[in-house]
Amino acid sequence: MSEKRLLLGIDLGTTLIKVVVFDEDGNQVASNSQEVSVEYPKPGWAEQDPEALWDTTCKVVRECLTRNKIDPASISGISLTGQMHGSFLIDREGKPARKKAIIWLDTRSQDIFEEYYRTGLADRIYDVSGWRLITSMQVMHLSWLLRTEPETIKRTKCLMACKDYIRYKLTGEPYMDITDASVTGLMDISKGEWSTDLVSELGIPEEILPEIKNSWEYAGEVTEEAARRTGLKPGTPVAAGAGDICSTALGAGVVRPGQLCAIIGTAGIYELATDRPLKDPERKYSVAFHAIPNSWLLEAVQMTAGVALRWFRDEFCEAEKMEARRKGVSAYTLMDKEAEGSPIGANGVIFHPFLQGERSPFVKPSARGVFYGLGLWTKRADLIRAVLEAVAYAAKDNIDLFRRRKIEIREVRITGGGAASEIWCRIMSDVLNLKVTTPSVKECGALGAAIEASIVAGINKDPANAAERMVKVEKVFTPNQQNVEKYRRLFRLYKKLYELLWDYYDESWRTYSSL
């Protein structure tokens, strides 16, 4: 085991809890994980049991330490990251005020959501908070609870996000960090504090909103009870931590203005670091606090990215899956190799990755995926390449929201499953006409938490400087200008096609819904 001081990052994903131990230089030392469940008690509802998440976290931490023979005393600092937007409520005894937490996947507030857009309240929420209203947000959960379960609000002492609740169980101190607070729809993004005016207009009791901590700030220490459950050392300092996409940006090394983090996972998440909270006059992108001092993230999220390729693999690539099992490799590796055999433009095939509608850069729930340009000459390799190119086009469509504000973008740091594909990274670089890099550590969210932990451990003083020291770049891709010009022309076709289909989306949805 390394003699360097160790840092523990806890990553509370929606369906997977991971703990990762890093040394003070950002090298991964050990990890452990376990899946957790989401409950869907009614259509549109999505909930999780806070106590079950805590039990699983304790188990995963303890197993990580024991299996890897890590002395708890060698852990110098701890921090957390996790799914954002969830409403984890505690009562005056410190127990869940609602047995099940409402999480970001929940859409039960759809009627209230539509009302807020109809009355102009959604615009006011954006103008104050910088966040484009979606049903995922705590402002919507609390609005629904006020109308439907007012007794829950009366029992509530404090609102927290997922990682804040688990940190509360570790330390006994209830806080919300500034990144999670900034996506609730209740914060004044220009001041970094709760908006008294918004909270009053919405009828939310201001006393349930917790003290806000910076992500790198000391937020307590491991209690005796938490130490008994987790195997950690009592008194180990804990940093507040950051929401998952903000922590991922930090763990990917996106800490200077002009750097953009592209998370190509299930969805496509694009976060541009800036030194000012630049709201969009058209209210098309959102603004959140970054997990470092004096920095914000402009955010746009497309509905489907990596999941589009997974869908194609599962439905149309059984041969690749069988060959991959036989060779002991990933089916995606074989699919990448096939895509290499298809030229730029996929032999005339354009794909729209709107497999669950779209939410950015346009909101169109009725939009659907399309393969256009199929011919007798079309090969499966062309379809695979078309999917890769489509995600890049959708990324450009979103990133152009920032470019229209004349904000300089110098580099795109790709994380998530898409970072493992060299051809995808090359396509992204050519379509965006930007340098693309990938970090060497794949668990960027957990590394972001470890970077915050290094501050309370006294190892580093500034999380941005710490990230530049602890995050290593693995690969660099630069745009090929001949390809850039070809993709510029193809992108116009990609956009024109969905513009032509705009009214058809709604007509098709109405027709098929009525059959």
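Calculation rules
- Residues numbered from 1 in each chain as written.
- Predicted model: local features only at pLDDT ≥ 70, side-chain atom pairs only at ≥ 80, totals over all residues.
- Heavy atoms only, no water.
- Axes fitted to C-alpha atoms, helices over the stretch in contact; angles between N-to-C directions.
- Helix = DSSP H or I, 4+ residues; strand = E, 2+ residues; numbered from the N terminus.
- Parallel < 35°, antiparallel > 145°, perpendicular 65-115°, else oblique.
- Contact = heavy atoms within 4.5 Å.
- Nonpolar A, V, L, I, M, F, W, Y, C, P; charged D, E, K, R; others polar.
- Pairing = 2+ DSSP bridges.
- Left-handed = near helix turned anticlockwise from the far one by under 90°.
- Disulfide = S-S within 2.5 Å.
- Buried < 20%, exposed > 50% of the residue type's maximum accessible area, 1.4 Å probe, protein only.
- Patch = residues over 30% accessible without salt bridge, like charges linked within 9 Å, V, L, I, M, F, W, Y side chains within 5 Å.
- Areas by Shrake-Rupley, 256 points an atom, 1.4 Å probe, with all protein chains shown as cover.
- Salt bridge = Lys/Arg side-chain N within 4 Å of Asp/Glu carboxyl O.
- Phe/Tyr/Trp six-rings, centres within 6.5 Å; stacked < 30°, edge-to-face > 60°.

Structural notes on the packing of helix α14 (residues 380–403) against helix α18 (residues 481–500)
Two quantities define a packed helix pair, namely the angle between the helix axes and the distance between the axes. α18 packs onto α14 with a crossing angle of 85° between their chain directions and a minimal axis gap of 10 Å. Our classification of the angle between α14 and α18 gives roughly perpendicular. Where α14 approaches α18, its residues Arg-385, Glu-389, Ala-390, Tyr-393, Ala-394, Lys-396, Asp-397 and Asp-400 are matched on the opposing element by Tyr-487, Leu-490, Phe-491, Tyr-494, Lys-495 and Tyr-498. Each residue belonging to the contact of α14 with α18 can be placed in one class, and the counts come to 8 nonpolar, no polar and 6 charged.

Some thoughts on the sheet that holds strand β19 (residues 296–302)
By way of backbone hydrogen bonds, the strands of a sheet pair with one another, either parallel or antiparallel. Strand order in the open sheet formed by 7 strands is β18-β19-β17-β16-β22-β23-β24, with mixed pairing between adjacent strands. The open sheet has two edge strands, β18 (286–289) and β24 (473–477), and neither has a second partner. The sheet shows a mean angle of 25° between the axes of neighbouring strands, taken without regard to direction. The pairing of β18 with β19 spans 4 bridges and is classified as antiparallel. Paired with Ser-286 across the strands is Glu-299, a residue of β19.

Some details on the packing of helix α11 (residues 306–316) against α14
Interhelical geometry of α11 versus α14 gives an angle of 160° and a closest axis separation of 9 Å. The angle between α11 and α14 falls in the class roughly antiparallel. In this structure, the crossing between α11 and α14 has a hand that is right-handed. Listed contacts from α14 to Ala-308, Leu-309, Phe-312 and Phe-316 of α11 are Arg-380, Leu-383, Ile-384, Val-387 and Leu-388. When grouped by side-chain class, the residues that make up the contact of α11 with α14 number 8 nonpolar, no polar and 1 charged.

Section: the state of the cysteines
Here the structure, examined in full by the defined rule, presents 0 disulfides. In this structure Cys-158 is not part of a disulfide, and its nearest cysteine sulfur, from Cys-162, lies 14 Å away. By relative accessible area, which is 5% here, Cys-158 ends up buried. Between Cys-317, a cysteine without a disulfide, and Cys-425, which holds the nearest cysteine sulfur, the sulfur-to-sulfur distance is 19 Å.

What about a nonpolar patch on the surface?
On the surface, Tyr-40, Trp-104 and Leu-105 cluster together into a nonpolar patch covering about 300 Å² of accessible area. Along the polypeptide, Tyr-40 turns up in the loop between β3 (28–35) and β4 (47–48). Judged by its relative accessible area of 54%, Tyr-40 falls in the exposed class.

Quick word on the packing of aromatic side chains
Taken as a whole, this structure holds 22 aromatic pairs when the rule is applied. When the ring of Trp-311 is compared with that of Phe-351, the centres are 6.3 Å apart and the planes differ by 10°; the resulting orientation is stacked. Of the two residues, Trp-311 is situated in helix α11 and Phe-351 in strand β20 (residues 350–352); the sequence distance between them amounts to 40 residues. By relative accessible area, which is 32% here, Trp-311 ends up partly exposed. Their ring planes at 40° and their centres at 5.0 Å tell us that Phe-312 and Phe-316 sit as a pair that is tilted. Here Phe-312 and its partner Phe-316 are both found in helix α11, 4 residues apart, which amounts to about one turn of the helix.

Concerning the pattern of salt bridges
Across all of its chains, the model carries 45 salt bridges by this definition. A salt bridge links Glu-443 to Lys-18; its shortest N-O distance comes to 2.7 Å. One end of the pair, Glu-443, is in the loop between β23 (435–439) and α16 (444–456); the other, Lys-18, is in strand β2 (residues 16–23), with 425 residues separating them in the sequence. On the accessibility criterion, Glu-443 (24% relative accessible area) is partly exposed. Residues participating in the shared-partner salt-bridge network are Arg-310, Arg-313, Asp-314, Glu-318, Lys-321 and Arg-325.

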